[in-house]
Amino acid sequence: MPQALIRFRLLWLAACLVVTAVLALGLPRTGFDTRVSVLLGDNDPYVSERDQLSAQFPNRQDISIAVTAASGPTEVFSPPILDALGALHREYRRIPYTDGASSVVAYDSPFGEIGLFPGRFRNFHEVSADAMLAARNKAMADQFINGILVSPAADLALFSARLSLSTSSSTQNREIADGIEAVLDDLRLAHPDVVFAPGAEALFETSTRDAMIQDLTRLLPLVILVCVLFICYCFQSVRHGACILLITLLTVTCTVGTLAWAGVAFNSVSVMAPLVVVIIAVANTAHILSVYRQQLAAKHTSSQAMQLSLAFNLRPVTLAALTTAIGFASLNYASAPAISQFGTIVALGVVFAWLLSFLSFPALVMAAGGPTGEVRMAGAFLRLCHRLVARHDRLIFSAVIVAGLSAAALLPLNKPDFNRLDFIDQDSPLHTYYALLSERMQRGTGMNYGIIAVDPSTAGGSQDGAIEPAFLQRVDAFSAWLRQRDDVLEVASLVEVVKTINDTLEGSQGGEGVDNYRLPESIALVEQHLMNYASVQRDSYALANFINPDFSTIRLFITTTPLSNQGLIDLDQAIGDYFRQTFADDNMRLLHGSNTLLFARMDKTVTVELIQSYLISLLMITIALTIGLRSLYFGLISVIPNLLPATLVFGAWGLLVGTVDPFVMMLFSISIGLVVDDTVHILSTYQRQRQQGLAVEPAIQAAIAKAGPALVITTAVLTLGALILLLASTLYFQQAARLLVPIVVLALILDLTFLPVLLSRLEKARNKFQANRQQAPTA
């Protein structure tokens, strides 16, 4: 095969360029998918329940803007903040699809009130101090304002604008985001002492999309440039660096072009895939170039040197590409589309990198020529590792074994904690909005459930089950139980609506000492109350938010204290247990309608799936190496150095940090696909040296001398590429870099120090065992 690759190298190169050109035509079709649904799997039963609830209660989207003083202790009830809120009320209709707004300045109330300062949207400095204090006291005593429109410390106000859309397209989201930006830019100029931080689903999508495009367009060229310049320095050749640059560009173009033609859009996770593909492409070519230069230094002709390099690298590079592709493809075991797509894209890129390295790179390097000197940096580092092994082999072996076992014991300390903010530019106003809410509103997340009072389709089922007083009383008891919990701040449902209406309509007839904030005793009175309310209801408190049209299902809203994802899961478990125990005798169902809960559950699900994915990839890679090296013995040996790097890093992370994003947890799953390259090249070369008659120790040293320079270079390239991710605008990429860098560096160090020691000990033990078997008396 190497002969055919050399003989027809120009034909192979031309074919590759033609294919790449065709695939490049699809690049303008490249898309980006920022939907939340790509982060969630579809195998969670709560997904169908959420969709069922959403169909019965189609919520309109809204825009929320946090307003606070830029500096100092200025509170909401002061002229600067109130003037800013008034300006928002005057200008918000410039934002497309808005049809109503609410803030402490002007709000809808179920009691018919329209605001603390009716008719006033400006000149709040004219309001007297007494009137301002009275307004403040009234607002902070109102359950519909305190903690909702104004923070408990009165240092943050929220402005909410309703949209006429229940769902929105990417184009509409861009229109909304641009409208918000235009309005707030003008208001920031007019109110320089006030902070305006917007939040909306449209902003989340556009901000995520912008962050993806920014990171991809800014970091991908930088990764390519830095890696190629480093290669030029190490190989002391601009021409060789240019050859690797071209192969890298061809690989990325083929990968992205194929995705574009297939209609596959990048998402918040898979956008990192081209960066990984670049590093893998550089690694393949570095191995071929390193051995090619060694053969040139041995006085072979260019054609002979390349043929020898291809013959030497064909098996290890192919095995490395296969095992890397297996490691990434195993991510398809995960139910989250974002993760499985990332694995598929990188696996596709690995295939293109392998093909182009053997079909295109030889012709380019042979045409370019270049020097044959020693690879910079690699020689000194390899000699250092050799001295460490020669002097401290016993210490290295014992220390690594103890460290590995200790790190494995620490792995359970890692707890996944997914945060959607990790995919948002940390410098964006949207990130500021969520940070302000988390810091000042002193509340956790909102969860909503649906309670099906009775299914009309079942035998004996009837309409109006959700307004039966007996049912509402049981829901009231359910809500009372929730309010007693330390992890729940507020509970709201149709029960509170009916009680409020009853108190408003019946209060004047009850006389002193009569509590009318209660549920009516007859279904007829409940229905009459709801009909009366429907004629005067405000959009913000419409009945459609609390009960469906056929009166069979109600919604229950819960506001939690600040909780971790596991805390949300525990609360949901408690709610489910209570519901089953309390309503077990009735034909009732509980529907889970919260995306927040789905994300929390996804943490746990994805973590389990990634661990399973890791075990599957480890097994498949071990089988592939066993077949490729034609030795179960070497296949099993490869497991140890492949497991150790990720185990050591994640063990230390569990001790020092303790929480990981599940989308970063996938690095643990794919790490074996990244670090196996070193092990494959050393074991393959060692096996070849042993087959040529070398003893154990000389064979180990020859293997490291032959494969080591390229391994040092490829690890350095991978490290540089990962470090550049620290410049990303999203925390997700930054955290990935912090974990990836130590994994690949440790992998190289262990393969150059621990693996030789391990091989030496195992080979001596195997030789001794075989010698004893030969000396044993035969039957």
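Please refer to the structure higher up on the page.
It should be emphasised that the depicted structure is a prediction, and the values quoted were computed from it without experimental measurement. (Residues numbered from 1 in each chain as written. Predicted model: local features only at pLDDT ≥ 70, side-chain atom pairs only at ≥ 80, totals over all residues. Heavy atoms only, no water.)

**Examining the packing of aromatic side chains**
Summed over the entire model, instances satisfying the criterion amount to 12 aromatic pairs. Ring geometry for Tyr 433 and Tyr 434: centres 5.2 Å apart, planes at 70°, overall edge-to-face. Ring geometry for Phe 634 and Tyr 686: centres 5.9 Å apart, planes at 70°, overall edge-to-face. Taken as a pair, Phe 634 in helix α20 (residues 632-656) and Tyr 686 in helix α21 (residues 662-691) lie far apart in primary sequence, 52 residues in all. A residue is classified by how much of its surface remains accessible, and Tyr 686, at 0% relative accessible area, is buried. Within the aromatic cluster, the residues linked to one another by ring pairs are Phe 478, Trp 481, Tyr 578 and Phe 579. Taking NZ or CZ as reference, Lys 706 lies 5.6 Å from the ring centre of Phe 312, over its face. The ring centre of Tyr 633 lies 3.9 Å from the NZ or CZ of Arg 766, which sits over that ring. (Phe/Tyr/Trp six-rings, centres within 6.5 Å; stacked < 30°, edge-to-face > 60°. Helix = DSSP H or I, 4+ residues; strand = E, 2+ residues; numbered from the N terminus. Buried < 20%, exposed > 50% of the residue type's maximum accessible area, 1.4 Å probe, protein only. Lys NZ or Arg CZ within 6 Å of the ring centre and 35° of its normal.)

**A few points about the sheet that holds strand β3 (residues 157-163)**
Taking strand neighbours across the sheet as the criterion, the 4 strands line up as β2-β3-β1-β4 in an open arrangement whose pairing is antiparallel. Bordering the open sheet on either side are β2 (98-102) and β4 (194-199), each of which pairs with just one other strand. The mean angle between the axes of side-by-side strands here comes to 20°, regardless of whether they run parallel or antiparallel. Pairing between β2 and β3: 4 bridges, direction antiparallel. Looking at β3, one finds that Ser 102 is bridged to Ser 160. Lying over the sheet, helix α6 (residues 170-190) contacts β1 (62-69), β3 and β4, oriented at roughly 175° with respect to β4. Packed onto the sheet, helix α14 (residues 429-440) meets β1, β3 and β4 and runs at close to 100° relative to β4. (Pairing = 2+ DSSP bridges. Axes fitted to C-alpha atoms, helices over the stretch in contact; angles between N-to-C directions. Contact = heavy atoms within 4.5 Å.)

**Examining the sheet that holds strand β6 (residues 446-452)**
Overall, antiparallel pairing links the 4 strands, which are arranged β7-β8-β6-β9 in an open sheet. The outermost strands of the open sheet, each flanked by one partner alone, are β7 (488-492) and β9 (589-592). Taking the axes of each pair of neighbouring strands and ignoring which way they run, one obtains an average angle of 25° across the sheet. Note that β7 and strand β8 (residues 553-560) share 4 bridges and pair antiparallel. Pairing of Glu 490 across the sheet is with Thr 559, part of β8. Seen against the sheet, helix α15 (residues 469-483) touches β6, β7 and β8 and runs at an angle of roughly 10° to β8.

**Some words on the environment of Gly 379**
On the secondary structure map, Gly 379 appears in helix α13 (residues 378-410). For Gly 379, a relative accessible area of 11% puts it in the buried group. Between the C-alpha atom of Gly 379 and that of Val 712, which follows or precedes it by 333 residues, the distance is 9.1 Å.

**Some points on the packing of helix α3 (residues 45-56) against helix α19 (residues 595-628)**
Interaxial distance between α3 and α19 falls to 10 Å at its minimum, and their mutual angle equals 170°. Taken together, α3 and α19 sit at an angle that is classed as roughly antiparallel. Between α3 and α19, the residues in contact are Pro 45, Tyr 46, Val 47 and Arg 50 and Asn 595, Leu 597, Leu 598 and Arg 601, respectively. Within the contact of α3 with α19, the residues separate by chemical class into 5 nonpolar, 1 polar and 2 charged. (Parallel < 35°, antiparallel > 145°, perpendicular 65-115°, else oblique. Nonpolar A, V, L, I, M, F, W, Y, C, P; charged D, E, K, R; others polar.)

On their own, these measurements won't tell you what the molecule is for.
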